Structure formats: structure tokens, C-alpha cells
There are 2 protein chains.
Amino acid sequence: MIACLSSNLPNLHSTPTAPGQTTSEPDSKPQARKLKSSPQLNRWSRARAVRSGRKLDRLGHRSPQSSVNFKVRDRDGVDLEPERISDGEDNVEAMEGKSIYMVSDGTGWTAEHAVNAALGQFEHCLVDRNCAVNTHLFSGIDDVEQLMVIIKQAAKDGAMLVYTLADPSMAESAKKACELWGIPSTDVLGPITEAIASHLGVSPSGLPRGAPGRNFPLSEEYFRRIEAIEFTIKQDDGALPQNLQKADIILSGVSRTGKTPLSIYLAQKGYKVANVPIVMGVELPKSLFQVDPEKVFGLTINPLVLQSIRKARARSLGFRDEIRSNYSEMDYVREELEFAGRIFAQNPVWPVIVTGKAIEETAAVVLRLYHDRKHKCSMPRISKRY
Amino acid sequence: MIACLSSNLPNLHSTPTAPGQTTSEPDSKPQARKLKSSPQLNRWSRARAVRSGRKLDRLGHRSPQSSVNFKVRDRDGVDLEPERISDGEDNVEAMEGKSIYMVSDGTGWTAEHAVNAALGQFEHCLVDRNCAVNTHLFSGIDDVEQLMVIIKQAAKDGAMLVYTLADPSMAESAKKACELWGIPSTDVLGPITEAIASHLGVSPSGLPRGAPGRNFPLSEEYFRRIEAIEFTIKQDDGALPQNLQKADIILSGVSRTGKTPLSIYLAQKGYKVANVPIVMGVELPKSLFQVDPEKVFGLTINPLVLQSIRKARARSLGFRDEIRSNYSEMDYVREELEFAGRIFAQNPVWPVIVTGKAIEETAAVVLRLYHDRKHKCSMPRISKRY
């Protein structure tokens, strides 16, 4: 994570925020000024466009007319206009990469999740840093003044805006401001909420998460989730084998097959997970073979992937020596994986899942199988009732 | 979670799925038949529409023409048509509520997250079960035949479809099939991916998560997240106070203020969290007062909310006796909260967060403050680099 752009924001004050409060901006109703993209930004955008073989993007095309005459009104009828982009030092240049602003009147996690997933479609370009992207999440934005300050800043940064605003008037203000100020924007929650409203024949509340009118239901789901998390922590790393029969899912595998993060990920989704490490020379708990074998999952991993995970991990932790010691452990790792493989072969009901990919992905495979085994559906699915 | 509709799916076989495989449907290329909504479904939809004061929904309006002449072609040019909804026993009736189908060629978590967030807008109706909703998540759907089987089933169920399909031809097939078969549908990932593509000037890969062409980057982020989870588990419930200085965030509060689930939620986002319980008569670890106070957060809760959490929790766990014992503990709980309050007052740098709402919400408040304190931004934000 990186620091904010405070040094690049001459028009925004750094006001300390008290717990539970959000900042209010004294200069959120600026004087009318022209939006002007900096020469650097234009050069940079053009160079990018030429490199990518695309036509020049919107900044290069902005007509003088469109940059002068836009105005947007807030709820109180106050005219709001973006401030001039400073010449000379340019924010986008300073940030090395393009920015995505995410604004939410709730937690912002939906916007973050959606942007994260969408950015997965650009890994080929992000990974080698040819197109670095900076995301900025603004959560709990529940008044239009704050919203306009952020959108103005997005205009200055040449950023795009992704928003999840439950309040329809806030969403409308965001949309209008972005249209008028030429900021590409995407409403993540609006279309799906509208579709569900029409499907259910019920109007959405328009209340953001945590708003006074929205009750927090102390649902079974809520308690089940907390209980699952507490259970899973207590069961981590083979602890309390006598509790295995209480688990929904049991993960078994050698060290570094991702048992712990996977257990925790599944626990967050409401499943009680126990994980049992497989270690050569250590007998597995008897209870593992007494529980319903349909809930046990073997985890394995390609030894080469494990090697590269160890190398990369060692590098990320800055341990030069560990790289060598991991290399030399490879024979042992292979042997241990084969040992686990023999246990899995003796328990053919346990599905064997190959890990070494993102936790979310392995979790999806485990849950698909879990629900399929439980419900014997024609097509594996995870069903919930709201 | 509820069982699948296997008993209601006369045309779908229940085929066992081997680990790592997805089901292939032998009858996914059905004969041409008429789509017909059942009389029950129509009555039910009409009754709902009348109750909600809305105009009758699409099922009541479906013209005989539109239900006969639609066809969709899969990638191989095979005609696919939905099968007839069985008369008499109706799927939707059997499910008591409306269905939302979620289809993904990846993990499906983005679709699930977005639907979950959008359903938050209908809590007023979901909570009292006036409009129960059943969601069905189909993940890892990477061929068009499976996709069509699911969409046909959605048509039978009178469901809506929410999809995240990275492969543009899959997304196009889903869209066309839904249009032709009159299924309301929402593409969650498409619009945001397109907007980002045009913002970056780079084409999306079109590869779903886990596809062979998509590398899994063993990024620093990945290792940081796993390390954070492992750290947080080890530090849970005041364990290893000598490690407090290694934590990014320290949560302190009396029992049941949600320290553990909150710690785990934050750990999943890559933060090393330690939590320190406040218990009357037990001295807090000295190290808590030696670390940077800016990273310590006090958690408190309204005693009445705590009471209702305990009551609801006891009810959900089926412990009748605990309800009474919790009632009688109220004085002690109040005293303990006041004790914690005095500690917080002695450490005015620690922000005090009121919990008792959804974990995600409290996490959003904690992280907003954490980043604000760290980066002193004009507007609290969480920034990341991709």
C-alpha cells in the first residue's frame, strides 16, 4: 500500500479526523475554473495509446468547449466545478500509473472486490509494471460535498471512478459529475440492485450499510460465521483432534500446502474447518479416520510449485539463506508429498485438491465439491437462503 | 444453506463429480420445446406484484410468440432451447421465494459478493421473510454447454441470472440466451472490465481465474497475506504479548466485542493483527503501552446491544439456559465495559470503536482510521498498488 497524494493536492487540506468522523472539506465549493489537462499527462497518455496500438484516449480529445462549460449541482443547488489541474508537476506523472478511485457510502468492500477481480483481467500488463495501477478506496462517503471533493480529485488525477452508492441521489450526483467532468465512471451496485428490485418486485431501501434506518440483523448466519471462525482458529494445525467430528470440513496435507489460510478463508464463509498436518513419522489422529470421510479433503501441491513458493516467499521475507536451504530440502519435500499421497490412496473417498494457486481459487474448488457431495446436485452449486 | 433442487429437475441427471472435474450434462442439447410458465408461478408473481404495488412482472406479460420462437446458438452452432417448465409441481413454488442464479467461469466470489451487497438493499423485506431469496452459485463454468444447462434451469425456476464471465464469447452467449429466453440478467464484471480497459488503454485477457494462460503471481501481496493470517492466529486472545510491536493493528476490548472475527477479517486483507482482551482483575501486558499507540484500537459495545447479541446467540445455539444467565450477567458486563472505558480514557490516542455491527463494517472503520493516521490524507482512503 502506498501513501496518499497529499503533497500533490494543493487545494485539499490535511485535516485530522476524529474516530468515527469523516473529514469535511472547507473548500469543497470552489470558484469556477477551467479543467485543463497538463502537457505531461497528454504526452504520457498519447505515448501509452501509441504503445498499446489504441486510438488516443479521451484526454487527448477533450475539446476546449467541453472543458469550460460543465457544471454540476449538488443536492442544495450549489454549483460545483472541478479545480484546475496544476501545470508543471503533474499528479499522474508523480504516481507512475493510472488511478482508479473507488467511492462508497458503505464499507467499500464491494467496489474493492469488483475492481480487484476486474484487474485480474489485466495481469499480463500489471505484473511486469508496464501499466501500474493505483487504487484509492474512499468508504463511508455519505454526503455530496465529500463526494464532489473526491470526484474533483479524480479529475485532477486523470483517474476513473468506480462507485457503490446506495443512496440514489448520491449515485445520480456521482454519475452527473463524472459525465460533466469527463471522468470515466462505473456504477457497480446500481445495475444489479435495479435488476433484483424488478425481479423481486420490491424497491431497494436506498440506505447504505450502517445507516441508522438499516438494522443489523443478528442473524443465525452472523453467529454461525463467528462460531466458525472461533472453531477454526482453535482447530488450527492439528489441535484438538477430538473435535474433528464437529468440523464441517477437514483439510489434511503436508506443511505449506496452504491449510491454514484456506481454513480461515472457508471459516469466514461460515464453515467450521479443522486442519490436520501430515508429517512423516507422526501418526495421524485416529479420529481423522472415524469421521465421515466425505468431509475430508487431501491437499497436495506440485513439488516444483512448492519450491517456487518457498523461493518467492524467502525472497519476499528477505531471507537469502533460506533460498539455499529450501533448495536442499527438495528431496525431503518430495518424499513427504509421496508419503501424503500414500495416505490419500488409502482413503479414496477423500478428494485430493492440488493447491499452490490463490486461496480463493482453492476455496472455490473445495466448496464446490463439498456442496456437491452434500446435496448431489445435477450441477455443483452453492445455495443460500436470504 | 439449502439443498439443491434435484428432485425438481426431471431433465437433469445427478452425475457424480470427480475431484477437479465439473459435471458434463448428457442432455444439454434438448429438443425444441415451448417455454411455458406454470399457472402457480403466474398467480404467485401476480399476487406479489399486487402486494408490492408494482405493475405485473415479466412472467405475466410473456407473449405466446416470444415463448415459441427464440433460439440461441452455442459456439459450435448447436441450437439450444430451454426445456418446458413442468406443469403441476412448480420449482419456484417448491422453493418458497425467488431465485438468483450466479454463474462464473472463475471462483464466483465476485458475483456472490455483489449479490450479497445488493441484497442488503432489500433487508427490510428479506429479514421478515416476506420475500425470501434463494441464491445458487455455479462456479468454474467454462464451457457453453454447462452454461446453457444452467440458464435453462434459471428459466424453469423463474430465476434471474447474475454472471461474471471473463471469456467474452461466454459472456455474449449468456447475454443472448437470457435475452431470448426472457431471463433478467446482469453482467457484474463486464462493464467495469471494459471501463478499466479503456482507462488503461489495454485489452483484458479474457481468461477466467485459474485458466492455464493466467499465471498465478507469487506476489509479495500473496505472502504478506498468508503471513498476516498466520501471525494473527498466533496472537489471538492475548497470546504472545512480546510480539505486539510486530503487529500492524492491535485491538483491545472486553470479551464479545468481536476482537477475534475482526482480527481475522483484517488479517485476510493483509494486516498483522494482535488482539488483547480486557478482563477485570487481569493486568494488561506492559508491551501494550510500549508500542506505537497510533496502532492500538479500543473496542467497546453498547451493553444493551451486547445483551441482545448474547440473547440472539444463545437462541441460535439453542441454549435456553444461557439466555437467563446472560440476563443476570448484565451488571457485570456493564462494570467490565466501564473498566475498559477507564483504560481507554487513560490512553487518549487509541480511538474507541463501537462494535456490535457487521464485522465488515467495523473493519471498514478501523482501516479508514488506520490509513488516515498513517498517511495523513486530506480524505481518509485506503490506497493500493497493482
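Please refer to the structure placed before this passage.
The notes below deal with the structure included here. (Residues numbered from 1 in each chain as written. Chains lettered and ligands numbered in written order. Predicted model: local features only at pLDDT ≥ 70, side-chain atom pairs only at ≥ 80, totals over all residues. Heavy atoms only, no water.)

### Concerning the overall build of chain A
Looking only at helices and strands, one finds 14 helices and 11 strands in chain A. Put simply, chain A has 386 residues, and 57% of those count as buried. Once local pairs closer than 6 in sequence are excluded, the contacts in chain A between residues at least 24 apart make up 75%. (Helix = DSSP H or I, 4+ residues; strand = E, 2+ residues; numbered from the N terminus. Buried < 20%, exposed > 50% of the residue type's maximum accessible area, 1.4 Å probe, protein only. Contact = heavy atoms within 4.5 Å.)

### A look at the pairing of strand β7 (residues 249–253) of chain A
Residues and elements named next belong to chain A. Along β7, five of the five residues are buried, which leaves the element largely enclosed by surrounding structure. Here β7 pairs with strand β8 (residues 273–277) via five bridges, running parallel. In the strand pairing of β8, I250 is matched with A274. As a crossover connection, the stretch from β7 through helix α11 (residues 259–268) into β8 is right-handed. Across four bridges, β7 lies against strand β9 (residues 296–300) in parallel orientation. Among the inter-strand pairings, I250 is bridged to a residue of β9, identified as V296. (Pairing = 2+ DSSP bridges. Right-handed = clockwise from strand over helix to strand, strands pointing away.)

### Quick look at the pairing of strand β4 (residues 133–138) of chain B
With six of six residues buried, β4 of chain B is to be regarded as a mostly interior element. With four bridges connecting them, strand β11 (residues 382–385) of chain A and β4 of chain B associate as antiparallel partners. Bridge pairing in β4 of chain B links S383 of chain A to H136 of chain B. Bridge analysis of strand β3 (residues 98–104) of chain B against β4 of chain B gives six bridges, and the strand direction is parallel. Paired with Y101 of chain B across the bridge in β4 of chain B is H136 of chain B.

### Digging into unusual backbone geometry
One non-glycine residue, R256 of chain A, adopts positive backbone phi at about 75 degrees. Inspection of the secondary structure puts R256 of chain A in the loop between β7 and α11. Its relative accessible area of 29% is what places R256 of chain A among the partly exposed residues. For D237 of chain B, which is not glycine, the phi dihedral falls at a positive 60 degrees.

### Observations regarding the packing of helix α7 (residues 144–157) of chain A against helix α8 (residues 168–180) of chain A
Residues and elements named next belong to chain A. Direction vectors running N to C along α7 and α8 enclose 25 degrees, while the axes themselves pass 10 Å from each other. With respect to each other, α7 and α8 are oriented roughly parallel. Of the two elements, α7 crosses α8, and the hand of that crossing is right-handed. Packed against α7, whose contacting residues are V144, L147, M148 and I151, the element α8 presents M170, S173, A174, A177 and C178 at the interface. Classifying every residue of the contact of α7 with α8 by side-chain character gives eight nonpolar, one polar and no charged. (Axes fitted to C-alpha atoms, helices over the stretch in contact; angles between N-to-C directions. Parallel < 35°, antiparallel > 145°, perpendicular 65-115°, else oblique. Left-handed = near helix turned anticlockwise from the far one by under 90°. Nonpolar A, V, L, I, M, F, W, Y, C, P; charged D, E, K, R; others polar.)

### Description of the packing of aromatic side chains
What characterises a pair of aromatic rings is the spacing of the ring centres plus the angle enclosed by the ring planes. One pass over the structure, following the stated rule, counts 12 aromatic pairs over all chains. Arranged with centres 5.1 Å apart and planes meeting at 80 degrees, the rings of Y222 of chain A and F223 of chain A form a pair that is edge-to-face. On the basis of relative accessible area, F223 of chain A is assigned to the buried category, the value being 2%. Positioned above the aromatic ring of W109 of chain A is the side chain of K269 of chain B, whose terminal nitrogen or guanidinium carbon lies 3.8 Å from the ring centre. (Phe/Tyr/Trp six-rings, centres within 6.5 Å; stacked < 30°, edge-to-face > 60°. Lys NZ or Arg CZ within 6 Å of the ring centre and 35° of its normal.)

### Let's talk about the side chain of E336 of chain B
As for its placement among the helices and strands, E336 of chain B is situated in helix α12 (residues 320–346). Each residue touching E336 of chain B, except ones within four places of it in the same chain, is listed here: V254, I278, V279 and M280 of chain B.

Functional significance is not addressed by these values, which are geometric in nature.
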